[in-house]
Amino acid sequence: MRTHVILAVLKRNLMSYFSGLLGYLFIIFFVVAASLAAFNPQFFTNNLATLDQLTLYFPYLLLFIVPAIAMTAWADEKRQGTDELLFTLPGTDTEILLGKYLALVLVYTVALGFSMTMFGVLARIANPDWGLLLTTYFGYWLAGAALISLAMFASVMTSSVTVAFGIGVAFCAVPVFIGKLAVTRPFVEDPTFGDRLADGFSQVCLALSLSEHLREFAMGIVPFSGLVYFGSLIAFALYLNAAMISRRHWVRSGDGLPMGAHCGIRVASLLVALIAGSSVISTASESMGLRFDMTAENLYTLSGTTTELIDKLDDKNPVTVLAYISPTVPREYVAQQTQLRGLLRQYDRMGGSLLEVRFVDVTPFSEQAEEASHFGIEPQTVQSEVNGRFQAVDVFLGAVVQSPLDQVVIPFFESGASIEYELTRSIRTVSQKERLTVGILRTDAKVNGGFDMQSMRSQPEWRMSRELKKQYKVVEVAADSEITEKVDVLLAVQPSSLNQQQMNNFVTYVKSGKPVLILDDPMPITNLGNAPSQPKRPAGNPMFGQQQPPEPRANYAPLLTALGIEWKNDSLIWDTVNPHPQWVDLPQDYVFITKVSGNPEAFNSESDVTSGLQELLVLYPGEVLEDTNADVEFISLLQTGALSGKLKYDDLIDNSFFGPQPKDPRRVVRDADKFAHVIAGQVKGKGDSKVNAIFVADTDFISDQIFSIAQNEAFGLKLDNVKFILNCVDVLAGDTSYVELRKRRPQYRALLEVQRQTDQFRKDVADERKKAEDDAEEHKKRLQEELDKQVDEIDANQNLSRLEKEQQKQIALQKKRRELDVQEANIDQEKDKKLEQLRARQQRDIHAVENKFWWQSVLWPPVPAVLLGLAVLIMRLNAEGQHIEESRRKK
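Scope of this entry: the structure provided in the associated data block. (Residues numbered from 1 in each chain as written. Predicted model: local features only at pLDDT ≥ 70, side-chain atom pairs only at ≥ 80, totals over all residues. Heavy atoms only, no water.)

1. Section: the overall build of the protein
Next, step 1: Within the protein, the regular secondary structure consists of 28 helices and 25 strands.
Next, step 2: By element, 56% of the accessible surface of the protein is carried by carbon and sulfur atoms, the whole surface being about 42200 Å². (Helix = DSSP H or I, 4+ residues; strand = E, 2+ residues; numbered from the N terminus. Areas by Shrake-Rupley, 256 points an atom, 1.4 Å probe, with all protein chains shown as cover.)

2. Considering the sheet that holds strand S14 (residues 516-519)
Next, step 1: Across the sheet, seven strands lie side by side as S12-S9-S13-S14-S25-S24-S20; this open sheet has mixed pairing. Taken across any chain shown, the strands that pair with only one partner, and hence form the sheet edges, are strand S12 (473-477) and strand S20 (632-639). This sheet shows a mean twist of 20° between the axes of neighbouring strands, independent of strand direction.
Next, step 2: With five bridges connecting them, strand S9 (residues 437-441) and S12 associate as parallel partners. (Pairing = 2+ DSSP bridges. Axes fitted to C-alpha atoms, helices over the stretch in contact; angles between N-to-C directions.)

3. Some thoughts on the pattern of salt bridges
Next, step 1: Under the definition given, this model contains 19 salt bridges.
Next, step 2: In this structure, Arg 341 and Asp 361 form a salt bridge, with 3.1 Å as the shortest nitrogen-oxygen distance. In this pair, Arg 341 is assigned in helix H16 (residues 334-351) and Asp 361 in strand S4 (residues 355-361), connecting sequence segments 20 residues apart.
Next, step 3: Classification of Arg 341 as buried rests on a relative accessible area of 16%.
Next, step 4: What makes Asp 361 partly exposed here is its relative accessible area of 45%.
Next, step 5: Among the ionic pairs, Glu 422 bridges to Arg 425, the shortest N-O distance being 3.1 Å. Of this pair, Glu 422 and Arg 425 both sit in helix H18 (residues 419-431), three residues apart, which is roughly one turn of the helix. Each member of the pair, Glu 422 together with Arg 425, is buried.
Next, step 6: Connected through salt bridges with shared partners, the residues Glu 422, Arg 425, Glu 467 and Lys 470 form a single ionic network. (Salt bridge = Lys/Arg side-chain N within 4 Å of Asp/Glu carboxyl O. Buried < 20%, exposed > 50% of the residue type's maximum accessible area, 1.4 Å probe, protein only.)

4. As for the packing of aromatic side chains
Aromatic ring pairs are reported here in terms of the distance separating the ring centres and the angle at which the planes meet.
Next, step 1: For the structure on display, the rule yields 20 aromatic pairs.
Next, step 2: Summarising the aromatic geometry, the rings of Phe 30 and Phe 58 are spaced 6.4 Å apart at their centres and angled 80° between planes, so their arrangement reads as edge-to-face. Here Phe 30, found in helix H2 (residues 21-38), pairs with Phe 58, found in helix H4 (residues 52-70); they are 28 residues apart in sequence, far enough to count as distant.
Next, step 3: Judged by its relative accessible area of 0%, Phe 30 falls in the buried class.
Next, step 4: Between the aromatic rings of Phe 217 and Phe 230, the centroid separation amounts to 6.1 Å while the plane-to-plane angle is 55°, which identifies the pairing as tilted. Of the two residues, Phe 217 is situated in helix H12 (residues 210-218) and Phe 230 in helix H13 (residues 224-245); the sequence distance between them amounts to 13 residues. In terms of burial, Phe 217 and Phe 230 fall into one category: buried.
Next, step 5: Here the aromatic residues Phe 26, Phe 30, Phe 58, Tyr 108, Phe 119, Trp 130, Tyr 137 and Tyr 140 are joined through ring pairs into a cluster of three or more. (Phe/Tyr/Trp six-rings, centres within 6.5 Å; stacked < 30°, edge-to-face > 60°.)

5. Let's talk about unusual backbone geometry
Next, step 1: For Lys 446, which is not glycine, the phi torsion reads 55° and is therefore positive.
Next, step 2: The backbone of Tyr 620 sits at a positive phi, close to 50°, despite the residue not being glycine.
Next, step 3: The residue Tyr 620 is located in the loop between strand S18 (615-619) and strand S19 (625-626) in this model.
Next, step 4: Note on Tyr 620: relative accessible area 5%, which makes it buried.

6. Focus on the pairing of strand S7 (residues 397-402)
Next, step 1: Taken across its six residues, S7 has five buried, putting it largely inside the fold.
Next, step 2: Alignment of strand S3 (residues 319-325) against S7, held across six bridges, turns out to be antiparallel. Pairing of Leu 322 across the sheet is with Val 400, part of S7.
Next, step 3: Looking at chain direction, S7 and strand S8 (residues 407-410) are connected through four bridges and run antiparallel. When the sheet's bridge partners are listed, Gln 402 is paired in S8 with Gln 407.
Next, step 4: Linking S7 to S8, which pair antiparallel, is a turn of four residues.

7. Thoughts on the sheet that holds S4
Next, step 1: Judged by pairing direction, the sheet is mixed, and its four strands sit side by side in the order S4-S3-S7-S8 without closing on themselves. For this open sheet the edge positions go to S4 and S8, each flanked by a neighbour on one side alone. Averaged over all neighbouring strand pairs, the angle between strand axes comes to 15°, with direction disregarded.

8. Some thoughts on a negative patch on the surface
Next, step 1: On the surface, Glu 778, Glu 785, Asp 788, Asp 792 and Glu 793 cluster together to form a negatively charged patch.
Next, step 2: Mapped onto the elements of the fold, Asp 788 is located in helix H26 (residues 752-796).
Next, step 3: Asp 788 gets classed as partly exposed once you look at its relative accessible area, which sits at 37%. (Patch = residues over 30% accessible without salt bridge, like charges linked within 9 Å, V, L, I, M, F, W, Y side chains within 5 Å. Lys, Arg positive; Asp, Glu negative; His and termini not counted. Charge placed at Lys NZ, Arg CZ, Asp CG, Glu CD.)

Below you can see the structure in the form of structure tokens.
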């Protein structure tokens, strides 16, 4: 193989491609198309600085770009008759082929390099993960290089450039679309041979799919299996090219098989060998963990906590992991299934004989499904699009971790859960002889479930309680008498519902210095009847005469004094910050605790409880303040943004026949106080005080609804609510080994510049909304004053008897009341109209900002390519002008 021959052919083809404007126009078209795909409206809706949208459309973009690059490779040579001259040069077919191929790859690389100007756009509006972006682009480059070899094969088959383009599109469509053939088949109780054959066919289609292999690169991973796939595709297509250009050497013979048949057999054999070899190598590389994690947080590399745990496993108590996984899952869970299998293989490889992993492929109604059900693993029904229609698909994605000492069941690896954290926590739990104990105080919140005497219904156990049982021994603790249970942490949810005797016992326990996690809520939206500022509801059902008078609420002041904090049970906090444009209509009482609020102390970076957290959602929370006279150390854990304020319970609630109901948040008058509010804090005693507690002024943030949203990342929300509460328990229990592991997640890389400008619009609209509401209230106040003045005039009239005064007052009141009702209705209607106009203006302003950035994102990337093209055009015109004789120039 002579390098100088390859370079000579490469230079010839490269110069030929860029000798005219067509090459530069192609680059400009490619960059513009990539920008349109990358920065589509969904990009701004997701509010994340990634190239996920471009990755989604990139295979289809290559479907037309690559054939356009390669269509002239051989076809143009044949059309112009230069192919015969080319092959008479002192070079082998292989050297000429490699020279042409590398020239086309270099052209594609130049085009791809110019599209990297999108990095500048992302850097301007956000702080992206550069390792993730570069790995994604490496995947783009490999995908393009592989398809170029196929498009070259199309070009060698014809002398027509147009036909070569069409055939190239058809050839490139095979690896791009073959994954679409892998559809989810209907589950049957007893799959036939044909069903198993269909499953195998689907697996092969996915293994040959370019989009599936590109997906891992887009996650920031360089998998060895992906390198093998793209390398095999390139080798196969180049062999096809070599076979076609060597046809001129074939000798026609009447004996035996013709050379075309020999070549076809060799091609088929090579294809089978490459597929089989790639499959074996990919399987071996996956089992050996040959993948390179290029993300900034090394999300796909086993952490030191995990490796240390595996090293310390006892050979007397080996751990077995039974993974019950559906062999085929909807597209939404492919990444989760792939990551689960990949991580489990790494656990199995590192654990040796001390940690065995067994994979069980499960389909509904099978024997394996019955085995999974025995452990409490049931299929989750997922809505998925199959062949253009939404279907309900049952998915198994759970595991059982067991040892001779204990057993932990993970029913389902939800999309928002950290797979490594779930596995490592479970392995450690079953390898320990004893678990730490968490006590849950019995209150009206019914965290452990039970029968509710007020609603006369059975309440299910909270999901948070079930989550704690995966790591701790969980017991219920009653405060009817002195609390003597030995627990490592006591969790008290809504202790404001305790009676006085129970409160006294609880305060005594808190003063003893034992770790306590307290969650209390001025307005528990999931149970409004349990608001601490309101009397407790009677127990029993009034329809059947079973109501009993409620117990009075205990005096809460001794608990606050013991904790050294201040907390008002009727004061609620709201905030204007909402980093999710698609949920802009959420009430401002849904408070997002996030760093993008502009408050650097939203999460305490010094505390193990909150460092590394990115976003929490709390609903109608209260505020915690430090009692400056108390002998304690108060540590703020969670804070709102500065554009927040306070409201009273009565400002947000209407009492009706059906009980307390939240008011329409749009009709609530709000006045921001321009400073942050503390939602949660940690208290450590000093001097004579032994208190060791964390107080959170909200309970709804761990309700079943929010827990489900956090674990499933529903509605695009990546909430840290579950991580926060688990960190609280771990820190109080003195076991922080999982805290670092929970932090392993992608940093929330929001579009900060877009967020900053849209937040300013929201602030301006909030101020105008407040002014409109104040003006309306002021107008109503003036009308009421006019009525009061008229009544006072009647009272002051000495010419009227008492009876006449009352009659005239009633007449005036009725007349004025009718006028007031009409005017107030008009005022409210005008106010609502103005508020609706403000909301519409806010949406227009936000869309205008997003459109501005969209135009910048689409127009800026192709600028360097345009400038280069113009420069080359000017240089060519000047060069042509220099060689024109003076006599031929235009006078």
